[in-house]
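Fold and geometry: a report
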Amino acid sequence: MQNPNKLNIHFILHEAFEVPGAYLKWAQWRGHNISATKVYEREALPDNVDDIDFLIVMGGPQSPDEDRQAFPYYDPQSELRLMRQAMAADKYIVGVCLGAQLLSVAYGARHTRSPEREIGIYPIELTAEGLADAHVSLLGKTLNTGHWHGDMPGLTDEAVVLATSKGCPRQIIRFAPKHYAFQAHLEFDREAVGLLIAADGRDNVAEQSQAQTYIQHPDKIEAADFSEMNAKLFDFLDSLTQTK
């Protein structure tokens, strides 16, 4: 669709199997300008945020702690520098999963382990603050969303928890009016979950689903309806980017 208010949206992508899904579809369908850094291909991050209006930092198996031995292409300190530039310039920022944890670290918090590992489609529930948030409230009081994590973002004194789940108390966090952390994956679609299942190993996920409360069998994950969570994500992003 034609968009008279085009944004320059930049994605940071950590792995080929952690795709931006509905975030990318939203940017394409709204006619925004799109660029990306594929960290896993050792692409260099932008030097600055001068040409970026909206930074979207996606997930990955890494943590915000530097681990160059396991992931020699991953430099969290460089990503944090770029995120802090975007924060200082009041750009839009959404961090997803690992990106959510990195955003919390950029704000001075410490990421931590989630009480439960979550893999699959489970409901999140908005807090009172989430229901009062102009953008997140559009998700509705409860929403089935994707999950694929063992960690969660840290909190600062100013951070506001907007949504929780039974397995994780920090599903959506607002750090500033334009800066949101999503531990949940509203961007999931059939391609995205298929890639993650393949990366983790179908048999491995199936085995874990027998032993852990919040890990679903791959067949159930693939059979999910992703349309509502994707549509709600579009509503959130449309509302957020109309903020001046």
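Note that the structure is predicted; figures quoted are calculated from it, not measured.

With respect to the environment of Tyr107
- By the secondary structure assignment, Tyr107 is in the loop between helix H3 (98–106) and strand S5 (112–126).
- Among the residues examined, Tyr107 registers a relative accessible area of 25% and is labelled partly exposed.
- Taking C-alpha positions, Tyr107 is 9.2 Å from Ala159, a pair spaced 52 residues apart along the chain.

What about helix H1 (residues 21–29)?
- Every buried residue of H1 is listed here: Gly21, Ala22, Tyr23, Trp26 and Ala27.
- Positive backbone phi, approximately 75°, marks Gly31, located one or two places after H1.

Describing the packing of aromatic side chains
- The final tally for this structure, using the stated rule, is 8 aromatic pairs.
- Both rings, one in Trp29 and one in Phe234, keep their centres 5.4 Å apart while their planes meet at 75°; by these two values the pair is edge-to-face. One end of the pair, Trp29, is in helix H1; the other, Phe234, is in helix H8 (residues 227–240), with 205 residues separating them in the sequence.
- An aromatic cluster of at least three residues, connected via ring pairs, comprises Trp26, Phe54 and Tyr92.
- Cation over ring: Lys178 sits above Tyr92, and NZ or CZ is 4.9 Å from the ring centre.

A short note on empty space enclosed by the protein
- Applying the stated criterion across every chain yields a total of 1 cavity of 30 Å³ or more.
- Lining the largest cavity, in full, are Phe17, Glu18, Val19, His185, Glu187, Phe188, Ala192 and Leu196.
- Residues that form the lining of the largest cavity fall into these classes: 5 nonpolar, 1 polar and 2 charged.

Focus on the packing of H1 against H8
- Relative to each other, H1 and H8 sit at 55°, their axes nearing to 10 Å. Taken together, H1 and H8 sit at an angle that is classed as oblique. Where H1 crosses over H8, the handedness of that crossing is right-handed. Where H1 abuts H8, its residues Ala22, Tyr23, Lys25, Trp26 and Trp29 lie against Asn230, Leu233, Phe234, Leu237 and Asp238.
- Residues belonging to the contact of H1 with H8 are distributed by class as follows: 7 nonpolar, 1 polar and 2 charged.

A closer look at the nonpolar core
- Ranked by internal contacts, the top residues of the largest apolar core, which has 33 residues, are Tyr23, Phe54 and Phe236.
- Mapped onto this core, the elements with two or more residues apiece are strand S1 (8–13), H1, strand S3 (54–57), strand S4 (92–96), S5, strand S7 (160–164), strand S9 (179–182) and H8.
- In this structure, Tyr23 is in contact with Phe11, Ile56, Met58, Val94, Val96, Phe182, Glu187, Leu233 and Leu237, ignoring residues within four places of it in sequence.
- The next biggest cluster of nonpolar side chains, apart from the first, holds 26 residues, and it includes Ile52, Leu55, Leu80 and Leu103.

Some words on the sheet that holds strand S2 (residues 33–38)
- The strand order across the open sheet built from 9 strands is S2-S1-S3-S4-S9-S8-S7-S5-S6, with neighbouring strands paired in mixed fashion. Of all the strands in the sheet, just S2 and strand S6 (142–152) have a single pairing partner and so form its edges. Pairs of neighbouring strands in the sheet enclose a mean axial angle of 20°, with direction left out of account.
- One ladder, built from 4 bridges, connects S3 with S4; its direction is parallel.

So, the pairing of S5
- Judged from the 10 bridges that link them, S5 and S6 form a sheet pairing that is antiparallel. The residue of S6 that forms the bridge with Glu125 is Thr142.
- For S5 and S7, the ladder comprises 2 bridges, and the chain directions are antiparallel. Bridging from a neighbouring strand, Leu126 pairs with Ala163 of S7.

Digging into the pattern of salt bridges
- Taken as a whole and assessed by the stated rule, the structure comprises 9 salt bridges.
- The closest approach of N and O atoms between Asp90 and Lys178, which form a salt bridge, is 3.5 Å. Here the residue Asp90 occupies a position in the loop between helix H2 (76–88) and S4, and Lys178 occupies one in the loop between strand S8 (172–176) and S9, the gap between them amounting to 88 residues.
- Between Lys141 and Glu125 there is a salt bridge, with its nearest N and O atoms 3.5 Å apart. Here Glu125 lies in strand S5 and Lys141 lies in the loop between helix H4 (128–132) and S6, a separation of 16 residues in the sequence.
- One connected set of salt bridges, linked through shared partners, spans Arg202, Asp219 and Glu222.

Quick look at the environment of Asn230
- Relative to the assigned elements, Asn230 resides in helix H8.
- When near neighbours in sequence (up to four residues on either side) are disregarded, Asn230 contacts Ala22, Leu186, Glu187, Phe188 and Asp189.

Rules used throughout
- Residues numbered from 1 in each chain as written.
- Predicted model: local features only at pLDDT ≥ 70, side-chain atom pairs only at ≥ 80, totals over all residues.
- Heavy atoms only, no water.
- Helix = DSSP H or I, 4+ residues; strand = E, 2+ residues; numbered from the N terminus.
- Buried < 20%, exposed > 50% of the residue type's maximum accessible area, 1.4 Å probe, protein only.
- Phe/Tyr/Trp six-rings, centres within 6.5 Å; stacked < 30°, edge-to-face > 60°.
- Lys NZ or Arg CZ within 6 Å of the ring centre and 35° of its normal.
- 1 Å grid on protein atoms, 1.4 Å probe; cavity = no way out; pocket = protein on both sides within 12 Å on 5 of 7 lines; lining within 4 Å.
- Points joined across faces, edges and corners; volume = space filled by probe spheres on them.
- Nonpolar A, V, L, I, M, F, W, Y, C, P; charged D, E, K, R; others polar.
- Axes fitted to C-alpha atoms, helices over the stretch in contact; angles between N-to-C directions.
- Parallel < 35°, antiparallel > 145°, perpendicular 65-115°, else oblique.
- Left-handed = near helix turned anticlockwise from the far one by under 90°.
- Contact = heavy atoms within 4.5 Å.
- Core = buried A, V, L, I, M, F, W, Y, C linked by side-chain atoms within 4.5 Å.
- Pairing = 2+ DSSP bridges.
- Salt bridge = Lys/Arg side-chain N within 4 Å of Asp/Glu carboxyl O.

Worth remembering: the numbers are spatial, not functional.
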